[in-house]
Amino acid sequence: MTTSTEALVPRLREVCGPGNVITDPLELRTYECDGLTSHRSVPALAVLPGAASEVASVVATCAAAGVPFVARGSGTGLSGGALPREDGVLIVMSRMRSVIEIDPVSRRAVVEPGVTNLSVSKAAAPFGLFYAPDPSSQVVCSVGGNVAENSGGAHCLKHGFTVHHVTGLEIVTPAGELTWLGDGTGVASGYDLVGAFTGSEGTLGIVTKIVVKLMPLPEVVHTLLAAYATTAEGGRAVSDIIAAGIVPAAIEMMDALSIEAAEAAVHCNYPAGAGAVLIVELDGPASEVEAELSVVRAICEAAGATEIRAADDPAQRAVIWAGRKSAFAAVGRISPSFIVQDGVVPRTSLGAVLARIASLSSEAGIRVANVFHAGDGNLHPLVLYDDAIPGQEAAAEEVSGQILDACLEAGGSITGEHGVGVDKSRYMPKMFTSADLDTMQLVRCAFDPANLCNPGKIFPTPRLCGEVPGRRRAPHPAVAAGQAEIF
Amino acid sequence: MDTERTVVPAIRDALVAACPVVRSADSAADAIAGVVPSFVAFPASTQEASALLRAAAAFDLAVVPRGTGTGLGWGPPPSACDLVIDLQAMDQVIEHAAGDLVARVQAGATIGHLASVLGSAGQELALDVPADATVGGVVATGTTGPRRFRYGAPRDLLIGITIVRADGVVAHSGGKVVKNVAGYDLGKLFSGSQGTLGLITEATFRLHPRPAAVAWVTADYGPSSLGAVASAVASAAGSALVPSAVELAWSAAFLRMGVLLEGSESGVAERSGRMAELVASAGGTPVVARSEVPFRWFDLVPAAGAPAVVVRVSFWVSRLPGVLEALAAAGASAGVEPVVSGPAGAGVLYACLEPGVREEDAARFVLVLRDALAVPAGSGPRGSVAVLAAPPAVMKAAGAFGPVPGAALMRSIKDQFDPGHRMFPGRLGGS
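Only a predicted model underlies this, so the values are computations on that prediction, with no experimental measurement involved.

Describing the interface of chain A and chain B
Part 1 of the reasoning: Every contact between the two is made by 93 residues of chain A and, on the other side, 88 residues of chain B.
Part 2 of the reasoning: For the side of chain A that touches chain B, the element with the most residues is helix H17 (residues 434-447) of chain A, which contributes nine residues.
Part 3 of the reasoning: Split into classes, the residues belonging to the side of chain A that touches chain B amount to 43 nonpolar, 32 polar and 18 charged.

Right, dumping it as structure tokens:
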């Protein structure tokens, strides 16, 4: 612990209670990384506030002392977005985990940031409602973390990302002030701060309450699995489904290597010998889904499917999804270590980019398993390596970077849902000009001019904010009228 | 100081050097609510727009971006305007990647032009906005229509943006893939920013396939059956039949709700039948009908002209009965008869007051309504009452927004993006 962080301990104990301030080095090591374990850093201290007012006091205390702070939800992030600072305070939100309110008629819920994603849907289920964004980690990941990362999930193809489902936020600003953003309904008076904040990776403040939309549970859900000899054939089916004017809830694909891993891990019993497996899920009113299902089935067959399975009850659907959902963890069965990438390409470039990945893989002698959200072009190449073999980790890193280059060349993005964090900030200049990054950081300067809130994330080079004197041309009528609403 | 003879020619020269097509403003055609600019420039590219804004910065000019001007009269007039930057020369659909359901468009392209390009591939930008409005204007004003219920606002469909800052720097965010979380999303910030943060020159959108079939289910009520119509709106909006719009229209003479269903021929036929039953069973004795004709509130109003005052009310749908009562009470208190319409199922209604309304009555209507819908201190915000269009005296007396959560942060953002406060000064509740 540095001197400046040590000096904060008495005040933080006063704010959060003595048991909720962690200073023991061994205990602090629990928090040294998030879901991206290749980056580690032990925080100087960690606090677990129990209420929004406590978060505000903790942040105000850090801000006054010039100490950096990082918020952490469940720690499932895959880009090191919650990587602590050795010279800073880690603010762990896991004690703030109540579903404060569900209004079924308005289809809205108000939740605390530490609430897990799935528990929102569970709380809404008795009302026939659910919370749509469903990242694969939804059993453990927190809604606060989802807001920070603008999390997606398999079903965001149809239902959108976190930002489409958040209609209001209460935050603690980097100066330690508690404020609401938005009017709670998703309509902005003035600038859309809810939209600007969502996906800012914890760099613009700490969210303390979240108003989310709930959606009516679909009448029916049909899941269809189609096996192909190659990913190219599966890719043709994907293009044809979209061209037919159908927007499925999800379209997922796995290649031979990831199928092999999933079989080893969860015995998902996918069609033997398949070079690719396509999973298409359709949800909605029964009459629409049944019409779509017959079209999708015909398209899948025409694209050369060797086998098609369909399921419409939850247990059977879970069997189809088992292999896909286990894929990341499953590659542990076929490789000691791996890097998960999150690049995105335009859907129509999927085939070309997959071919490029295959050639990069064979040139480098590094195996790459492909599991991806085919409907929206979000690839999750799993770059496999053995850290016991000298040079392999570096080679895997190299391939990993080349895959992102291929995504950018195709007109895509370096990250579809995992965020930039510390992991991909070095790739940002490949996707954005320095003027782009400078302009984005104007937002950062507006929220956090002292650069204390999760510093070192997203942007490869911080911008000096400086004082910006606002020069008004004339007093606005509302000011003259004594209204305190100008901005 | 002889500014007319020395400074004005220098400004003109600088503007012309930046962008060949510059003219002196026409005191009638180019005035914005009586404020007459000095120059109007027509950039043909983002580069020209950038050079223009650099020149404007050098001469400390107040700048107003303009498309076809359909929304310019909404909101407060500029407190100053030296230069109008008219985007209509940038009117191209740059790229329509049909297989990716994505289109990249110059800001000055009209919604109608974009629709015709997309329509040839059976696709659309799922916003119900005027065909003569420009893409940039729609994004800058955040304009929405009935299908806000299902598809959201421009910000929800915008996946990439190119802007020119007040200092002339060109910046992008997002891209041309739908799923993308790299960097801050400037598109969200510029959506609805009314030209006060910078100039939008290009936008990239997520598209949707055009539905094969559409149907409206409408229900007419006696104008006092507020409880029944609110119940029907909530039932429709909460149903698993996946409506695309849940609208309400209400005046002294009529009370109607309508639900839009989109999908396949057979699906829409089946769903609209079930929706009609659902609406009929929600209470009251409505006359329920099915139609392919779009449900538009202004078709219900004889000789509807442009309203003088438009007030946006947003709310949680469970409060709809109270909102309707508050609208009636505020109307009675102020002696006005608002025509109320909008995507009620999405928690938004617009109350329009007709031309000729007395300014003090209009202001009173807003203030009484705002007071009635205020939530107790301590609970989070549950909606807002905003004046979108009104004579300046009404804006002044009522305030455009009332208290705005996060106003201090908005001020900081404005100061960062436009430290000289030269971009559409006065437009967004501030100067």
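Brief notes about the confidence of the model for chain A
Part 1 of the reasoning: Considering every residue of chain A, the mean pLDDT works out to 93; 96% of them sit at 70 or more.
Part 2 of the reasoning: Low confidence marks residues 474-487 of chain A, where pLDDT is under 50. Its contacts with residues over four positions away, or in another chain, come to 35 contacts.

Looking at the nonpolar core
Part 1 of the reasoning: With 300 residues, the main nonpolar core has Val 47, Ile 91 and Val 277 of chain A together with Leu 52 and Val 233 of chain B as its most contacted residues.
Part 2 of the reasoning: Per-element tally for this core: the top contributor is helix H8 (residues 226-237) of chain B, with nine residues.
Part 3 of the reasoning: When neighbours within four sequence positions are excluded, Val 47 of chain A is seen to be in contact with Leu 12, Cys 16, Asn 20, Val 21, Val 58, Val 89, Ile 91 and Val 92 of chain A.

Brief notes about the domain arrangement of chain B
All names here are of chain B.
Part 1 of the reasoning: Here chain B is partitioned into domain 1 (3-88), domain 2 (93-209), domain 3 (213-299) and domain 4 (309-413).
Part 2 of the reasoning: On a C-alpha basis, the centres of domain 1 and domain 4 stand 33 Å from each other.
Part 3 of the reasoning: Taken together, the residues that form the side of domain 1 that touches domain 4 break down as three nonpolar, two polar and no charged.

Section: the packing of helix H2 (residues 9-16) of chain A against helix H4 (residues 52-65) of chain A
Residues and elements named next belong to chain A.
Part 1 of the reasoning: Viewed as axis vectors pointing N to C, H2 and H4 meet at an angle of 170°, and their least axial separation amounts to 9 Å. In terms of axis orientation, H2 runs roughly antiparallel to H4. The residues of H4 that touch H2, namely those facing Arg 11, Leu 12, Val 15 and Cys 16, are Glu 54, Ser 57, Val 58 and Thr 61.

Focus on the environment of Leu 369 of chain B
Residues and elements named next belong to chain B.
Part 1 of the reasoning: Along the polypeptide, Leu 369 turns up in helix H11 (residues 359-373).
Part 2 of the reasoning: Here the alpha-carbon distance between Leu 369 and Val 259, two residues 110 residues apart in the chain, equals 27 Å.
Part 3 of the reasoning: Among residues more than four places away in sequence, those in contact with Leu 369 are Ala 326, Leu 327, Ala 330 and Val 385.

Brief notes about the domain arrangement of chain A
Residues and elements named next belong to chain A.
Part 1 of the reasoning: Here chain A is partitioned into domain 1 (3-92) and domain 2 (99-216).
Part 2 of the reasoning: For domain 1 and domain 2, the distance between their C-alpha centres works out to 23 Å.
Part 3 of the reasoning: Facing 16 residues of domain 1, the contacting portion of domain 2 comprises 23 residues.
Part 4 of the reasoning: When contributions to the side of domain 1 that touches domain 2 are tallied by element, the ones reaching two or more residues are H4 and strand S3 (69-72).
Part 5 of the reasoning: Ranked by the residues each element gives to the side of domain 1 that touches domain 2, the list is headed by H4, at seven residues.

Here we look at the sheet that holds strand S9 (residues 170-174) of chain B
Residues and elements named next belong to chain B.
Part 1 of the reasoning: Across the sheet, which stays open at both edges, the five strands sit in the order S5-S6-S10-S8-S9 with antiparallel pairing between neighbours. Edge positions in the open sheet fall to strand S5 (93-97) and S9, since each of these has one partner strand only. For this sheet, the mean angle separating the axes of adjacent strands, direction not counted, is 15°.
Part 2 of the reasoning: Running over the sheet, helix H3 (residues 111-119) touches S5 and strand S6 (102-106) and is turned about 30° from S5.

The rules behind these values
- Residue positions are given per chain, counting from 1 as you read along its sequence in written order.
- In the order they appear in the text, chains get letters beginning with A and ligands get numbers beginning with 1.
- Where local features are concerned, this predicted model is filtered to residues with pLDDT of at least 70; where side-chain atom pairs are given and counted, the filter is 80 or more; whole-chain, interface and lining totals use all residues.
- C-beta atoms are first placed from the backbone for all residues, and any pair lying within 7 Å is then listed as a contact.
- Only DSSP runs of H or I reaching four residues or more are called helices, and only runs of E reaching two or more are called strands; each is numbered from the N terminus.
- Amino acids are sorted into nonpolar (Ala, Val, Leu, Ile, Met, Phe, Trp, Tyr, Cys and Pro), charged (Asp, Glu, Lys and Arg) and polar (every other residue, Gly among them).
- As a per-residue measure, pLDDT tells how confident the predictor is, with possible values from 0 to 100.
- Note on terminology: a nonpolar core is any set of buried Ala, Val, Leu, Ile, Met, Phe, Trp, Tyr and Cys residues joined through C-beta atoms within 7 Å.
- Here exposure depends only on C-beta density: within 10 Å of a residue's C-beta, 20 or more other C-beta atoms make it buried, 12 or fewer make it exposed, and intermediate numbers make it partly exposed, the C-beta atoms being placed from the backbone.
- Annotation comment: domain bounds sourced from an automatic or database domain assignment.
- Angles shown run from 0 to 180 degrees and are taken between the N-to-C directions of axes, each axis being a line fitted to C-alpha atoms and, for helices, limited to the stretch in contact.
- Just so you know how the angles are binned, under 35 degrees is roughly parallel, over 145 roughly antiparallel, 65 to 115 roughly perpendicular, and the rest oblique.
- When DSSP finds two or more bridges between a pair of strands, those strands are recorded as paired.

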